[in-house]
Amino acid sequence: MIRPKSKGRDDRQRIFKKKQKKGYVMLFLGVALLLACTFPYALSILNIDRSLEHSPKVFERLDAAPKIVTIESSTARHGHRRPIVTTTLRSPVPFRRGREMNGCGLSLENEINCDLEEVSKYQKQYGDSRYLIDKSRRDDVEILPYGKVMSEFARRVLSRHIAQSDVLVFSASNSSVPYNLMKRAREEHHTTHLVGKSDSTSKQTFIDEWWRRLSNKQPKWLLLTVLEDGGKSTIFSSRAAGADFLKNGPTMTYIVLGITASITDISKNHSNYSFTGMDTVELLLEHNYKVQLLSASDSWDTGGNILKGSNPRSFTIFQPNDLITKENIETFFKWGAKAAIISKGLAGGRNWAQDDDNAVFKAYLFATQGLDLAIPSRRQYLSETKFTNAKWRFPYANVSAERRAMVERVQFVSCPVERHSSLNLDFLKHSASSDKDDILSSIRVKCNNEDVTSDLRNKDKSYELWTNNDNQQVTSSSRLESACIKVNCNDILRVSTKSDKKDFQVSCATRIVPDKALLAKQKLSASAKAPNILMVLIDPISRPQFDIAMPRTKTLLSQQLNFPYFQNYATVGNNSGPNQAALYAGHNLKSHDGIRHQKGTWIWDSLSSLGYATFKAEDGCIANSNMVQSIQPNTTHGQALHKLYCFDFARPNCVGKQLAAEYLFEHAKDFVQTYSAAAVPWAAFLSLVDTHEDTMTLGSIVDQYLEKFLHGINNDLENGKNTLIIVLSDHGLHYGPYFQSRDGEKERSQPLLYMKIPDTLPRLSHDNLIINTRKWVTPFDVHETLLDIVGIPREASVGSSLLKELPATRAFCHGVSSIPDTHCDLLDSSLEKQIMKREILRPPSLSSFYADIRKDHRLNQAKCYSGTYTTQDIFRLSKRWNKRCRCSTNKRDWFQCNHHPWNDNQGEPNEFFLFVTCDESPLHLDIRVKKNEQRALELRQVRSRSNRESKPPNILIIEIDSVSVEYADRHLPQTRQLLKKYRATGTTDVNGCHEGLCGVDFSKFAVVGPNSIANQVAGLSGCLTTLLHYSCFTKKENIGDVCGDPNLLEYGMRLRNIGPDLHTVYCTANSSTPWLYDVAKDEGYITFFGEEFCFPGSPWVVQENIFPIAADIELHTVFCRLVKHMKPWLDDRLLYNAGYGHYCINEKEGIPKQEIALEVLRQMWHQYNDEPKFAYLNGMAAHNYVKETEKLAWRAEEYDEALSRFLKSILGRDDAHETIIIIRSDHGLQGGDSSVVDYSTQIEHSHPFTEIIIPDQYPVKNLIANSDQVVTPFDMYAMLRRLMTGKMDMNRLDGTYDILHEIIPSRTCRAAKIPEDFCTTEYTPSPNFGTCNMFEAKQAVFCSDPHLGTSKLYLRRTQKINAEPLNSQQSSAKHIRPAFMATKNENTMTIPCASQAELMSSPLHKNLEQQWSMLDKIVEEHQEGRLKVSGGIFLYPRQSYI
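Residues numbered from 1 in each chain as written. Predicted model: local features only at pLDDT ≥ 70, side-chain atom pairs only at ≥ 80, totals over all residues. Heavy atoms only, no water.

> Help me understand the overall build of the protein chain, please; the structure alone is not making it clear to me.
Scanning the protein chain from N- to C-terminus turns up 43 helices and 44 strands. Across the 1442 residues in the protein chain, those meeting the buried criterion constitute 57%. Within the protein chain, counting contacts between residues at least 6 apart in sequence, those at least 24 apart form 74% of the total. When the accessible surface of the protein chain is split by element, carbon and sulfur atoms take 49% of a total near 62800 Å². (Helix = DSSP H or I, 4+ residues; strand = E, 2+ residues; numbered from the N terminus. Buried < 20%, exposed > 50% of the residue type's maximum accessible area, 1.4 Å probe, protein only. Contact = heavy atoms within 4.5 Å. Areas by Shrake-Rupley, 256 points an atom, 1.4 Å probe, with all protein chains shown as cover.)

Okay, structure coming up:
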């Protein structure tokens, strides 16, 4: 290597002085320029008040007058004191941004703090008290911007409507988070409050004073409280005041807390930290709030020797939803500070200023006393899924059984048994002391099976012990019923460990101490014993969700125990309050303040007066709430559990090593056995609150324990015969993403009810109960049934006993006065067939957490380190080092080469890439697309024979596999921003186009199948893909036949092919060449087909399996050569199984694989600039189904940069005005066991990302108009075919439209050929454990099945028709059998599915309806009556009636 000649010392000094002098000059000029720019601005600030007084035009009024509720003093900007007004907005307020107001301190979109004197002047001038928006103050730096996490959080939380709900936001700045939260809250009709900074000299904070001034108007329930500055300037800055507010103030459902952490100094021996918000977090933890990570500015693994003095063995990283606990709170804050240092790249041991914003970790924490997650995700509760290891039988004979088996195969996280197994706490049967303070005399504590109770007496403060003496009066320790202990067994046993971390173990125990007074009063004889009562309330769960989440319990109740099931049980209110008031008290809820203010007699009070032993408990820790548990029911037992659940918490819902529900069931079982043995009648009311979280997962975890408990109670013959057992819910989930859909709102009104009455009751009562299962029933009726069974008379009641037949008016929902009309409207089955255009709001996603963090502030390993050598260099070096080289191109497989194959114009002209490697050296790639003049001439001749006046446009389709609209927003921001630059608006006058190019975003683009094949077939051929098992034809002999079954989507279409993996393809009957590559060939296009993996032999692709591919440039050979290089032992037929492999061509070096196609396309566009080009690329950057959420989008985010660069180059070309560009996806994520369990993934799957850029000489206004409609790949195909051929396709599918030249009318999903499972405008799928994909056996269980009666878009009584194929001569409409024409098949007759209009107009309608009703009644009565009759007895009379 030749080195340059070094300069002498004098030369270096002279150059240095010259540069130094130049630097001083530049510094002086910079300072002068800065002063010149800032002086006018500073002068304007000094005179701002005076200028505003003389500028009334700067004022802009709001459209609603806020109510003044607080007046206090504060220090003004100029030093003197003047009164401040704080307002509370009681309704959504439309407002306009901008325009300062003199005298106002904070912004009105939050809450106004204005000078009363200036407000008075304004009132005199304008005649009312409508205030203005102040946007003048931007003093404080916001915690985090209002990103995707907070946007999704606001949609999810603020859509929750229960009663009179308030939203309180404390903001020390005008940051975007409070502004947007308040805006959203007002849009959702919440009462909003925003309070600003407190005066530093004031003894009270703004929140303190605001709360005091509200007086009797203080809200009882704060849905959301936001403390943006960590609570340091609020009531929470005082520990005593904050504790009092949390205990005695309003119910605070959700709290969002902004925190910061930084390192102010790093020295050799220690680091100085600065934290904001830690004290508030500790206070919330003391009051049993679960504090979780919601969003953050940085995310790194801070393990290892990141900072001097840190533990080199540590491994620390916090993920979204991670719990912040008393044990790890300091670790969390230090982790954040270190992560900020890593992002800044300043871990060098110097000092930084406190206000160095880039070196400060910022985060929002989420706190709740309930079980909701910060970002709802089922993955938080799943340890592993066993779908791939299961044996699947397909097609399914029993969908319900398969769905139950599916849930059983899911491995849920369990309680931390291993951590707590060494500690055990038990009650002693006989206490040695009657002193209520001598608790250790009543319990026994064991560590590793060694009794350490005596050691606890000798060690001061070495443990934490709780008993129910803390929350109720207990006269002696022998009367204690629950106790918990937290201790470090290693410390007690003096066992040394390598780790400095102290892991405390937790153990709890419960027992029933019989009420002696109650036993003494027992006078009932065994022959006249009153019935026992067991009620298990699941709060909340709907009937459909119960079927999905709790299949074990459902099977037990409906199939094994045959409990009567009430199919029309309905709610009387929107939430727990009114429904539980009706259930437990039999009265309407009279106050919006909550059930704890309800007056009346509770059912357990009435039963206690009859001598019953009563039990009421729930398995949750809500210290300050409006639920039943907050009233502290006066029952014999149950209250001992209330604080037990507050002693400790671990996910999923554990106290120590057991689920909270297990303690509840064990305690209830002890209660039942104790009083049953004493012949005392008992009544137990159990509430499970595990389902009160919007992932809808915890119910599945509790399922097996509830099944075991109910099975055990019922197996006791004595209890089973004389026990009323009720399993019910108060309502369906009334908040969360699914609730925002119509189906979710409907399910809120579909609670669960199973009821088994004592066998000792008269037979007539049993018969009436069965009859009433089909009537509309409410919680009032359940309450009256309880009173009727135990013999408590009622003079006036809202409900009716279910032991008596309900009146005929109960056959209809609107016939029950206690059911709200709005609920009945939702439950009306006739509305199901209407088109519902209320789409579900997209559920929050874990991926948003990482998308909000800058790429340089988090881990991202999808990087390639480019080499410095070209392939020419490699050959030159190989000769010097005597290395042997191997080469490969798209025309030649790997071969020996000692020089560049393309030197001296050697090599085949159609070779567009070259791989070179020499003696296992890194792989090198050359890309060269040369114009094939012979091919270009042939294409010109083809075009000359057509009648087109102009050259057809270029078509460029870039399809990014598995990208939803939301995924694109999160992980393709540069591409989305570029496309937005061209976004056009307006259906009359088109606006927004850029340089003659107009972009249209299709946010409602729909999928027509679950996977790539179905959607690619539709987009590239206009053909329909169906599942083989449920297809019109199932044999290849029928290829070419036309389907005659009007119930199927393929009706009237010709079977084109039966592909691999159960795919059958139907095309229009008269279409000869639907495949766009055939069309392109006929129209003279140069073609490109790009698939970013080696697909030959793969069953998961369209090309070669369904349609032949013969493009001029085919990309897949690049990846075939790569696989052969990396895995030469693989058989050529199995190369597709190698997958995508590493991100770069040399693992971490060389060009990224996903940029190869873009470079080939760029060169193709350059070489064939005069020829029309048709190119389709299926990019695999997002097709990444790893389990770790943080890694899910690594490749896609890197691809985003490359794609945006490529699009800029294409859009900047001269021929861009001759090019149609489509950037789209086939579907959202739909594979991988870990990702599809989240509801966000399931919903996003049906919303693929699609944008089109088109020259403005085309009718862009039609595209814009159609962008608000549901568009399918069939519609895109119709547009592309017309653009390529210049004429309308007369053989396209019925119900599809050319979106460029036609306007899509209102149409149903069936008309648009969208299967039900992907029709989100008419049907919203419930949260499940996977995404529907009928072509994959392990995912087909998540699909509705029209042939097994679960479909909503098919008539439920339709039997499958024996479809007869129609040949080509019979394909006209007159030869196809009418929809309502019955056909005979031997001795049975089937009726094809008819439309509602056809059915209603038929003369057979009335007679059929009466006969169906009568037969259904007979069958249902005998089934519910549990008579053992054969189903065939009722099948044949049914057929004879028809």
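> It is not clear to me how the pattern of salt bridges should be interpreted in this structure. Could you clarify?
Working definition: two side chains of opposite charge can pair if their charged atoms are close together. Under the defined criterion, the tally for this structure stands at 38 salt bridges. Put simply, arginine 935 and aspartate 1112 hold a salt bridge, and the shortest N to O gap is 2.7 Å. With arginine 935 in helix 29 (residues 933–944) and aspartate 1112 in the loop between strand 36 (1086–1091) and strand 37 (1113–1114), the pair connects residues that are 177 residues apart, well separated along the chain. Arginine 935 gets classed as partly exposed once you look at its relative accessible area, which sits at 21%. For aspartate 1112, a relative accessible area of 29% puts it in the partly exposed group. (Salt bridge = Lys/Arg side-chain N within 4 Å of Asp/Glu carboxyl O.)

> How should empty space enclosed by the protein be read in this particular structure?
Gaps left between atoms show up when a probe the size of a water molecule is rolled over them. On inspection of all chains with the given rule, the structure shows 14 cavities of 30 Å³ or more. If you add up the space inside the second largest cavity, you get close to 130 Å³. Lining the second largest cavity are 16 residues, with Pro540, Ile541, Gln545, Met696 and Leu733 sitting closest to its centre. Going through the elements one at a time, helix 15 (543–549) and helix 23 (742–748) are the ones with two or more residues in the lining of the second largest cavity. (1 Å grid on protein atoms, 1.4 Å probe; cavity = no way out; pocket = protein on both sides within 12 Å on 5 of 7 lines; lining within 4 Å. Points joined across faces, edges and corners; volume = space filled by probe spheres on them.)

> In this structure, what is going on with the pairing of strand 34 (residues 1053–1058)? I would like to understand it.
In summary, the side chains of a regular strand alternate between the two faces of the sheet. Within strand 34, five of the six residues are buried, leaving the element largely enclosed by the surrounding structure. Here five bridges tie strand 34 to strand 35 (residues 1063–1068), and the two strands are oriented antiparallel to one another. In the strand pairing of strand 35, leucine 1055 is matched with tyrosine 1066. (Pairing = 2+ DSSP bridges.)

> How should unusual backbone geometry be read in this particular structure?
Across residues other than glycine, the phi torsion is negative in most instances, and most of the peptide bonds are trans. The residue after aspartate 539, namely proline 540, is reached through a cis peptide bond having omega -10°. Cis rather than trans, the peptide bond between arginine 651 and proline 652 has omega equal to 10°. Following the sequence through the fold, proline 652 ends up in the loop between helix 19 (644–647) and strand 22 (654–655). Phi at glutamate 1104 is positive, roughly 75°, even though this residue is not glycine.

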